[in-house]
Amino acid sequence: MARDHVLETLRDAIGDTPVLTDPDIMAGYVGDWTGRFVGRTAAVVRPANTAGVAAVVEICARHETPLVPQGGNTGLVGGGVPTRGEIVLSLRGLTDTLSVDAAAAQATVGAGVLVSALHAAASAAGLAYGVDLASRDSATVGGTVATNAGGLRVLQHGDTRAQLLGVEAVVGDGSIISHLAGLPRDNTGYHLPSLLAGSEGTLGVVTAVRVRLVPATRARAVGLLGFASVEQAVTAASLLRNGLPALAAAEFMLSPGLDLVIRACHLSRPLRGRHAAYLLIEIADKTGAYAVGSGTAVGGIPGSGTASRNIAGRGITGTGSAGRATVLETLADAVAGLPGVQDASLAGDARGCRALWAYRERHTESISTFGTPVKMDVTLPLAVLPSFVETVPATVTGIAPEARTWLFGHVAEGNVHVNVTGTGGEAEDRRIEDAVFGLVADNGGSISTEHGIGTAKRRWLPLNRSPSEIAAFRRIKQALDPAGILNPNVLLPDAP
Ligand code: 2HG
Ligand code: ZN
């Protein structure tokens, strides 16, 4: 009854803003993409502007009615799911603001704008947005801010937090904080964009942001390299990161994952044989330092580092001016100098680059063909990453003998995605998470790297954060959300 009264008040206060209560329509808002987290709600509210968001938050605060802010609903840790019957505050309607200031190399963006739309707007101005991720066509900019999304270009441009020059948000009492001028030097107090990034809707509802843009990539080249061991792949990634300033991405995959993607997505084998570990690397020319090259894709070159030299000699049709190499030639040279490369396939044209990226980007959808996975997203110091990757599958089968473990991720930052399929249910999932997160913490790693804590990992936060830190988190939340209505069931563990 009290809830009905809140809904009536919302309808009156926000006029045309839809307050959706039809179960069929709400079905798209109460569960996440993976299917692991499904909640329930009395209503989904979709304001079209910041004032509408402020009205909703103010009413909910007054009636002590919890809400869950939600963007594109592509999160993987249940952070946008109404697990305890909260009202869903969808920000997908906040799409009106998208303006690029080319001279300042910045953009002001509404929370509901898709990441791919921001990419398109930046590109139309001859620039680029530094964060990219496989879910770019469904993820909203606001959602990526709230989760501090990482993605595929962290190596080059940092995470979402690193792009933020200003934020507009509605805090827990319904008031609007807005600082969107985008001054690159601005030392006037607390840096609220940093605080709100990764706060998962617990401190404020992000309604717009001012982000920095980066130079567009003039040319790129991508390589898929096969190695006999994870250790060799990790060593190669470190060498490339330290020696190749234009390195834009370094991702790793393992043989079972690559085989699965090939099967599930009907792709051809990128290299002739199978290899224990693979690196997907990209170099990007942002400055015009490289010669323009026609960049023919070359695949399945057998042999060692020396064979890679054959790549440069045989297949690449660089048309660069004398003395300057194309990106593809530079990549081929770098690969040729790398120890442990058993085979390599390189591409310097847009189609070939996309085709190689697919083997990495399509892991998530391919793994989902086995059902709903347990997803863990962890970072290990590089020195222990190979032994971690080798230990985890046995740790998992020690608990769930039928389960399969899939490992891949952003190797340059030591970020491993651990997906487990075929477990025997929730109790077993819990024991697997306990074991894997314990291993991560024992090795000095982080239990959440880019997906956030959400509802999925809140009970393990104390593995990485001390009681004093968690107490400080609670005090910050209390200050910005005194009624405790903003996404109250994520991030922080239940109060002792
Ligand atoms: C990726 O890197 C995403 O592709 C998803 O972060 C990872 O599915 C996952 O576990
Ligand atoms: Zn990732």
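First, a word on what this report is: a plain description of the structure on this page. (Residues numbered from 1 in each chain as written. Chains lettered and ligands numbered in written order. Predicted model: local features only at pLDDT ≥ 70, side-chain atom pairs only at ≥ 80, totals over all residues. Heavy atoms only, no water.)

**Thoughts on the overall build of the protein chain**
Convention followed: Strands are runs of DSSP state E lasting at least 2 residues, helices are runs of H or I lasting at least 4, and numbering of each runs from the N terminus. Within these notes, the globule rule equals 2.2 Å times the number of residues to the 0.38 power, and the radius of gyration is based on C-alpha atoms. Summary of the burial criterion: residues with accessible area below 20% of their type's maximum are buried, those above 50% are exposed, and those between are partly exposed, where the area comes from a 1.4 Å probe applied to protein chains only. Here, residues are in contact when the closest pair of their heavy atoms is within 4.5 Å. Only the protein chains shown count as cover for residues, and all accessible areas are computed by the Shrake-Rupley method using a 1.4 Å probe.
Looking only at helices and strands, the protein chain features 16 helices and 19 strands. Relative to the compact-globule value of 23 Å for 496 residues, the protein chain shows a C-alpha radius of gyration of 23 Å, a close match. Buried positions account for 54% of the 496 residues belonging to the protein chain. Sequence-distant contacts, at least 24 apart, represent 74% of the contacts inside the protein chain between residues at least 6 apart. Working note: accessible area of the protein chain is about 19,900 Å², and carbon and sulfur atoms make up 52% of it.

**Quick look at the site of ligand 1**
Let me state the cut-off plainly: By convention in this text, a residue qualifies as near a molecule or strand provided that one of its non-hydrogen atoms is within 4 Å of it. For this analysis, a polar contact is any N or O atom pair within 3.5 Å, provided that within protein one partner can donate a hydrogen and the other can accept it, and provided that sequence-adjacent residues contribute only side-chain to side-chain pairs. Charged means Asp, Glu, Lys or Arg here, nonpolar means Ala, Val, Leu, Ile, Met, Phe, Trp, Tyr, Cys or Pro, and polar covers whatever is left, Gly included.
The environment of ligand 1 is formed by Leu-76, Arg-360, Thr-364, Lys-375, Phe-408, His-410, His-417, Asn-419, Glu-450 and His-451. Within the contact set of ligand 1, an oxygen atom lies 2.7 Å away from a side-chain nitrogen or oxygen of Thr-364. Within the contact set of ligand 1, an oxygen atom lies 2.9 Å away from a side-chain nitrogen or oxygen of Glu-450. Residue assignment for the shell around ligand 1 shows that the elements contributing at least two residues are strand S18 (404-410) and strand S19 (415-421). In terms of residue class, the shell around ligand 1 is built from 2 nonpolar, 5 polar and 3 charged.

**Brief notes about the sheet that holds strand S9 (residues 176-179)**
Selection rule: Paired strands, as defined in this entry, are two strands with at least two bridges between them according to DSSP. Working convention: axes come from line fits to C-alpha atoms, limited for helices to the stretch in contact. Angles between N-to-C directions cover 0 to 180 degrees.
With antiparallel pairing, 5 strands are arranged side by side in an open sheet as S5-S6-S10-S8-S9. Each edge of the open sheet carries a strand with a single partner, namely strand S5 (98-101) and S9. With direction set aside, neighbouring strand axes in the sheet form an average angle of 15°. Of the pairings in the sheet, the one linking strand S8 (residues 164-171) to S9 comprises 4 bridges and is antiparallel in character.

**Brief notes about the pairing of S19**
The element S19 is extensively covered by neighbouring structure, given that 7 of its 7 residues are classed as buried. Residue alternation in S19 divides its side chains into two sets, Asn-415, His-417, Asn-419 and Thr-421 and Val-416, Val-418 and Val-420, and both sets are buried. Direction of pairing for strand S17 (residues 374-379) relative to S19: antiparallel, over a ladder of 6 bridges. Following the sheet pairing, Thr-379 is matched in S19 by Asn-415. Sheet topology note: the S18/S19 ladder contains 7 bridges and is antiparallel. Each bridged residue has a counterpart across the sheet, and for Trp-406 the counterpart in S19 is Asn-419. Between the antiparallel neighbours S18 and S19 lie 4 residues, among them Gly-414 with a positive phi of about 70°.

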